[in-house]
Structures are given as structure tokens and as C-alpha cells.
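Examination of the molecular architecture
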Amino acid sequence: RQISNPDAFVNPSETCKKLQEDGENGKIPAILCDRIPSEINRVCGCNSPCSVCGNGMQVTKPDKSVEVDGESMTCGRLQSDGFSGSIKSNECARLSSRISSECGCQGSDDDDDDCD
């Protein structure tokens, strides 16, 4: 998998890009390889991009707060996390039905249209 946030830090001295390079060059012990993805996925954006509103849809209420799995966050942050690959695709599908009305999910037919 490729990372979508290469400059993010997984710890104070190591970026996602450096961690990926170390993995590709065999510098990470095999015993750690099974554990690392679940620990760094959100930070590094290892999942494919997805829309939390569903395909062809986007958030029109980015400042609206919603609760997801006990954590309060804005619809805009959820959308950004989805587009950056920080949310697993199966979670995106689950989220779309839960946040659709609260986040004002609407079709994005016209890319030149700014929704305020």
C-alpha cells in the first residue's frame, strides 16, 4: 500500500515516508510488520480515498459536529479523513448512512460549484 500523508510523523523522529522506505528496504523486523499498519494507518493515510457521504456525494455542512464511535468531530474533518485515506472503505460505507442528513451530504455534479 502507498501512503497518502508521507510527511506525517508516526513518532517524534520518524515520518510515514521514512517508515515506508524502511519497510520496502527490509529494515523492519517481520514480527512488527503485522502490527504496524493498524498503528499508523490513520496518521499515514494508508487506505484508499473514500467519501464519507458515498460515491459522488460531499459534505455541505463542514462545521457541523457529529459523534462517531464516541468521538465528536466535524463533518469537514470526516470528509478530509476519508479523502486522505485515514478511514477504511468499509467504515466510509457505514458512515454515509449515519451522517448523511447531519452533514448535508449532497451530490457533487458541478466541480466549479462552491457550497458554503
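Scroll up for the structure.
Rules used throughout
Residues numbered from 1 in each chain as written. Predicted model: local features only at pLDDT ≥ 70, side-chain atom pairs only at ≥ 80, totals over all residues. Heavy atoms only, no water. Helix = DSSP H or I, 4+ residues; strand = E, 2+ residues; numbered from the N terminus. Buried < 20%, exposed > 50% of the residue type's maximum accessible area, 1.4 Å probe, protein only. Contact = heavy atoms within 4.5 Å. Areas by Shrake-Rupley, 256 points an atom, 1.4 Å probe, with all protein chains shown as cover. Pairing = 2+ DSSP bridges. Polar contact = N/O pair within 3.5 Å; in protein donor to acceptor, adjacent residues only side chain to side chain. Arc of directions from axis to C-beta. 1 Å grid on protein atoms, 1.4 Å probe; cavity = no way out; pocket = protein on both sides within 12 Å on 5 of 7 lines; lining within 4 Å. Points joined across faces, edges and corners; volume = space filled by probe spheres on them. Nonpolar A, V, L, I, M, F, W, Y, C, P; charged D, E, K, R; others polar.

1. Regarding the overall build of the protein
What the protein contains, in helices and strands, is five helices and six strands. Classification of the 116 residues of the protein by burial places 36% in the buried group. Across the protein, the fraction of contacts at a sequence separation of at least 24, relative to all contacts at a separation of at least 6, is 64%. Summed over its atoms, the accessible surface of the protein is roughly 7,500 Å², and 45% of this surface lies on carbon and sulfur atoms.

2. A short note on the pairing of strand 4 (residues 65-68)
Along strand 4, the buried face is formed by V66 and V68; none of S65 and E67, which line the opposite face, is buried. The pairing of strand 4 with strand 5 (residues 71-74) spans four bridges and is classified as antiparallel. Pairing of E67 across the sheet is with S72, part of strand 5. Linking two consecutive strands that pair antiparallel, namely strand 4 and strand 5, is a turn of two residues; a positive phi of about 50° is found at D69 within it.

3. Comments concerning helix 4 (residues 75-83)
Along helix 4, the residues that are buried comprise C75, G76, L78, Q79, D81 and G82. Looking one or two residues past helix 4, G85 carries a phi angle of roughly 85°, positive in sign.

4. Comments concerning the side chain of S51
Turning to its location among the elements, S51 is positioned in the loop between helix 3 (36-44) and strand 3 (57-58). Residue S51 is classed as buried on the basis of its relative accessible area of 13%. Of the polar contacts made by the side chain of S51, one reaches the backbone oxygen of M57; its length is 2.9 Å. If sequence neighbours within four positions are ignored, S51 has contacts with M57, F83 and C92.

5. Comments concerning helix 1 (residues 16-24)
Within the sequence span of helix 1, burial applies to C16, L19, Q20 and D22. Each buried residue of helix 1 lies within a common arc of 160° when the element is viewed along its axis, so the set occupies one face. Downstream of helix 1 by a residue or two, G26 has a phi angle that is positive, lying close to 70°.

6. Some details on the layout of surface pockets
A probe matching the size of a water molecule, rolled over the atoms, marks out where space remains unfilled. Roughly 600 Å³ of internal volume is contained in the largest pocket. What lines the largest pocket is a set of 28 residues, among which P37, I40, N41, R42 and C46 lie closest to the centre. Listing elements by their share of the lining of the largest pocket, those giving two or more residues are helix 1, helix 3, strand 5 and helix 5 (89-99). Here the element with the most residues in the lining of the largest pocket is helix 3; it accounts for six residues. In terms of residue class, the lining of the largest pocket is built from 14 nonpolar, six polar and eight charged.

7. Section: the environment of M57
Secondary-structure assignment places M57 in strand 3. Along the sequence, M57 and C105 sit 48 residues apart, while their C-alpha atoms lie 6.0 Å from each other.

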